[in-house]
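# Structure at a glance
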Amino acid sequence: MDPIRLRVKRQARPDAEPYWEEFKIPYRAGHNVHSLLMEVQLRPLRADGTRTSPVAWDANCLEEVCGSCTMFVNGQIRQACSALVDTLARPIVLEPMKKFPVVRDLAVDRSRMFESLKRVRAWVPIDGTYDLGPGPRMTEEVQQYAYALSRCMTCGCCLEACPQYNDHSAFIGPAAVGQAILKNLHPTGPLTKEERTAELMGIGGIVDCGNAQNCVVVCPKEVPLTRAIGDAGRETTKKFFRDIFRR
Amino acid sequence: MAEQRHLVVGGGLAGLMTTIKICEGGAAVDLFSVVPVKRSHSVCAQGGINAAVNWKGEGDSPAVHFDDTIYGGDFLANQPPVKSMCDAGPAIIFLLDRMGVPFNRTPEGLLDFRRFGGTKHHRTAFAGATTGQQMLYALDEQVRRYEAQGLVRKFETCEFLGAIIDEGGVCRGLTALDLRSMKVEAFLGDTVALATGGPGIVFGRSTNSVVNTGTAASAVYQQGAYYGNGEFIQVHPTAIPGEDKLRLISESVRGEGGRMWTWRNGEKWYFLEEMYPAYGNLVPRDIASRAVFKVVFEMGLGVDGENAVYLDVTHKDPEELTRKLGGVLEIYEKFKGADPRVVPMKVFPAMHYSMGGLWVDYVQMTNVPGLFAVGEVDYQYHGANRLGANSLLSCLFGGMVCGPKMLAYAKGLTRAAADVGNGVVERERRRQEDVYDRIYRMDGAENAYALWRELGEWMTQHVTVERHNKNLKLTDDKIVELKDRCGRIGINDLGRWLNQEVSFVRQLWNMLELARVITRGALARDESRGAHYKPEFPERDDARFLKTTKARWTSDGPSLSYEDVDVSMIKPRPRHYDVEKRAG
Ligand SMILES: Cc1cc2nc3c(=O)[nH]c(=O)nc-3n(C[C@H](O)[C@H](O)[C@H](O)COP(=O)(O)OP(=O)(O)OC[C@H]3O[C@@H](n4cnc5c(N)ncnc54)[C@H](O)[C@@H]3O)c2cc1C
Ligand code: SF4
Ligand code: SF4
Ligand code: FES
């Protein structure tokens, strides 16, 4: 088997110019993109044999469940750990996410996603961690919808694909909408729904969504974003009318 | 006295629970983590969390849970804290439920419970096949709530380097490396809690995540904290061998009829069924792992000449498989690109969990006053072998003990960290900075990642399933050799910004120190107990070894001492899973 050619878009620092480097990695069955990058750590040589630094990238779980290793693999936004080399066209081309600041090489800063979770107050306002007895009952049906939303690993694929999410728009993006709806679903949700809905209605909220549904297509965890966005739309409309008639 | 300052290192389940408890007590927390806390290793836990609620009318109770845990751990755990943990189980599940963890439900809308290894009861609450992820998210949300209130400050690309210990031997804060700027910074704290998880990466590839190097635990061990029961390492029999990671395939696959086999003389050999006719494929984890090792290493019968055997469900109805095991089979499909309904899975045992960890007292404090440890990084709750679904419980319970004790400890201090002389702090910061200056100047011929792979191979082959004193000695020598070769590493990356190679060199050194603790602990323990198995000493030896191993760092390697185990509640009895467990 020919060696695997790997082209990586690199960048030394957030403010530096990007550049491309190519690596040649001896073929072995069973590689994924993560283990290819590990081979570069072992032999940090460019394809022409000259020495370079190993590539920087984020990773932790290696099971597609922590969301760390999102990048473009052959132009597709996905996780490096679950990108199996034997299924990829070659040369394999790696690029960092585009909607988040590059820290170095393929590592990016996604703190904006965590900030969005603050904006929509994605938490249950519990009274305390003391022994206050069992939680409220929940039907299997609600649990299953909640579980599906709760699998969102903040990987950012959906934001990368969403035409409405970028530097100059305040739209919080589909992932955070999903989490807002998830918290509304909890039996305590109705108590705190108003605040969350207000955030979704405000600048950059659900009204900015062009409904292209690119987000759902790229989500690796099959989070039901379309349904959540629909639910959010209904909530904001209801609140809109409530607010009008209250005046 | 100045306001209390608390530093928590690690944002997995244990660190987040500790943080929540401190905030609930009204104090502020600085939270440090190598990865954004929501991406911590705890997300990997699939199976569930134990609590004896007895909602299936099986006569379960925290007392039975306590007995199962002590028995499963082969009587090596101190009993009082384990009892407290089991007693707290139901309240912890209810709390998680109130926080919104989407646990599976019964038709009545109540929590559902499943069965796990080492018990006869339905005691395990679960959220689909991603229980750990769901639990971590619920705690992460509560911490974010405190963060929004200004009580929590997060430092999420920061690596803990060491404790700041004053002239009196008291912990007064920590030093950390900002992984982006590569600058060493000092942080003062009246208390420091390490919740930095397990050391799987010491074994090269394991079921653990990338950041589970054990580097933080090793650093404080080298500063004088005791490491307890390091030699107790759990190996899971069925993981998918991978170039980068050994991904877990749950025990439930065998529970649903999966069979293990390999080729022998051109025929399928169902070795577990032949070796253990009574239990067949459902022998406990340690026995199954040993059998696979025997087949592969002693008999050389690995599939395709690899370190692997088959776990086969192809004889089962594909639809039933999807219904019962969908989530698990998906992992195999996703990462091996093959459908286990059609082709047998290739599996191999994998290092999975460390029962050992930093020695702590019953309120989670190490022997260094002010330095706490909690979660997989402590040694406290699992004895010689951990039962499935007990780890998540011990992480949360430990956090619930640790947080309030940190508050109480700080309150009792007569001198606050803020009043500690700048000299102590600056000296420690400099010491750490010097380490990195030296690393940046390394220009030898060795590659740090290659040395790490070598370490992993040795540890996996000789210090996991079966331990022979001869090989343990050779491994210890090997580790010393690797430490020596560490001095001849060459750095390929001289950048002063997110330099992962430079931070790895430091972690590698710490892994080597910890590897010696594990190996030397195993060498010294001439018996078999729980996960620690020596064919030369196949029996448990309570007279000599019903004792906690405590390792203390010296420049010549770990110095071991032994401490009696508190067995005041359940009298030790032989552990056999080929017959029903007798009541304790
Ligand atoms: C595949 C798999 C499945 C499992 N399934 C189950 C199960 O079903 N049930 C069960 O009970 N247990 C299970 N376990 C075990 C359980 O998941 C872990 O023991 C538990 O999650 C450990 O949690 P923790 O909070 O101690 O540490 P972790 O979740 O590992 O978190 C460690 C934290 O420390 C940080 N950190 C580490 N080093 C440093 C440093 N030097 N500086 C700063 N921060 C640092 C990390 O960034 C992270 O935030 C499983 C384990 C694996 C591997
Ligand atoms: S449906 Fe809305 S959120 Fe999803 S990609 Fe389109 S614009 Fe973005
Ligand atoms: S919704 Fe899906 S794509 Fe978006 S962040 Fe969550 S897991 Fe990733
Ligand atoms: S490393 Fe966690 S998703 Fe890839």
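Residues numbered from 1 in each chain as written. Chains lettered and ligands numbered in written order. Predicted model: local features only at pLDDT ≥ 70, side-chain atom pairs only at ≥ 80, totals over all residues. Heavy atoms only, no water.

### Here we look at the overall build of chain A
Of regular secondary structure, chain A possesses eight helices and seven strands. Reported as C-alpha extents along the three principal axes, the dimensions of chain A are approximately 70 × 40 × 30 Å. Within chain A, contacts between residues at least 6 apart in sequence are counted, and of these 63% link residues at least 24 apart. Treating the 33 positive side-chain charges of chain A as one cloud and the 29 negative ones as another, the clouds have centres 1 Å apart. (Helix = DSSP H or I, 4+ residues; strand = E, 2+ residues; numbered from the N terminus. Contact = heavy atoms within 4.5 Å. Lys, Arg positive; Asp, Glu negative; His and termini not counted. Charge placed at Lys NZ, Arg CZ, Asp CG, Glu CD.)

### Considering a nonpolar patch on the surface
All names here are of chain A. A cluster of nonpolar side chains, contributed by Phe240, Phe241, Ile244 and Phe245, occupies part of the molecular surface with about 430 Å² of accessible area. Here Phe240 shows up in helix H8 (residues 225–246). Residue Phe240 is classed as partly exposed on the basis of its relative accessible area of 44%. (Patch = residues over 30% accessible without salt bridge, like charges linked within 9 Å, V, L, I, M, F, W, Y side chains within 5 Å. Areas by Shrake-Rupley, 256 points an atom, 1.4 Å probe, with all protein chains shown as cover. Salt bridge = Lys/Arg side-chain N within 4 Å of Asp/Glu carboxyl O. Buried < 20%, exposed > 50% of the residue type's maximum accessible area, 1.4 Å probe, protein only.)

### Here we look at helix H1 (residues 13–24) of chain B
All names here are of chain B. Helix length check: H1, at 12 residues, gives a terminal C-alpha distance of 16 Å against a target of 16 Å (1.5 Å per residue), a fit within 8%. For H1, the tally of buried residues reaches 11 of 12 residues, placing the bulk of the element in the interior. Positive backbone phi, at 95 degrees, marks Gly26, one or two positions downstream of H1. (Expected span 1.5 Å × (residues − 1).)

### Overview of the domain arrangement of chain A
Accessible area lost on assembly of the parts is the figure often given for the size of an interface. Residue and element names in this part refer to chain A. On domain assignment, one finds that chain A holds domain 1 (4–108) and domain 2 (111–246). Computed over C-alpha atoms, the centres of domain 1 and domain 2 are 32 Å apart. Of the residues lining the interface, 13 residues belong to domain 1; the matching set on domain 2 comes to 14 residues. Between domain 1 and domain 2, a total of about 1100 Å² is buried, with carbon and sulfur atoms accounting for 56% of that surface. The interface formed by domain 1 and domain 2 holds one salt bridge in total. For Lys221, the salt bridge identified is with Glu64, shortest N-O distance 3.1 Å. Across the contact surface, domain 1 and domain 2 share seven residue pairs in polar contact (both at pLDDT 80 or more). Among the elements of the structure, strand E3 (70–73) and strand E4 (76–79) are those that each provide at least two residues to the side of domain 1 that touches domain 2. With three residues, E4 is the largest single contributor of residues to the side of domain 1 that touches domain 2. For the side of domain 1 that touches domain 2, the per-class residue count stands at six nonpolar, three polar and four charged. (Domains from an automatic or database assignment. Buried area = accessible area lost by both parts, 1.4 Å probe. Polar contact = N/O pair within 3.5 Å; in protein donor to acceptor, adjacent residues only side chain to side chain. Nonpolar A, V, L, I, M, F, W, Y, C, P; charged D, E, K, R; others polar.)

### What about the sheet that holds strand E5 (residues 92–95) of chain A?
Residue and element names in this part refer to chain A. The mixed open sheet is built from five strands, whose spatial order is E2-E1-E5-E3-E4. Two strands close off the open sheet at either side, each with one partner strand: strand E2 (19–25) and E4. Neighbour-to-neighbour, the strand axes of this sheet turn through a mean angle of 30 degrees, independent of strand direction. The sheet contact formed by E3 and E4 spans four bridges and is antiparallel. What sits directly across from Thr70, in E4, is Gln79. (Pairing = 2+ DSSP bridges. Axes fitted to C-alpha atoms, helices over the stretch in contact; angles between N-to-C directions.)

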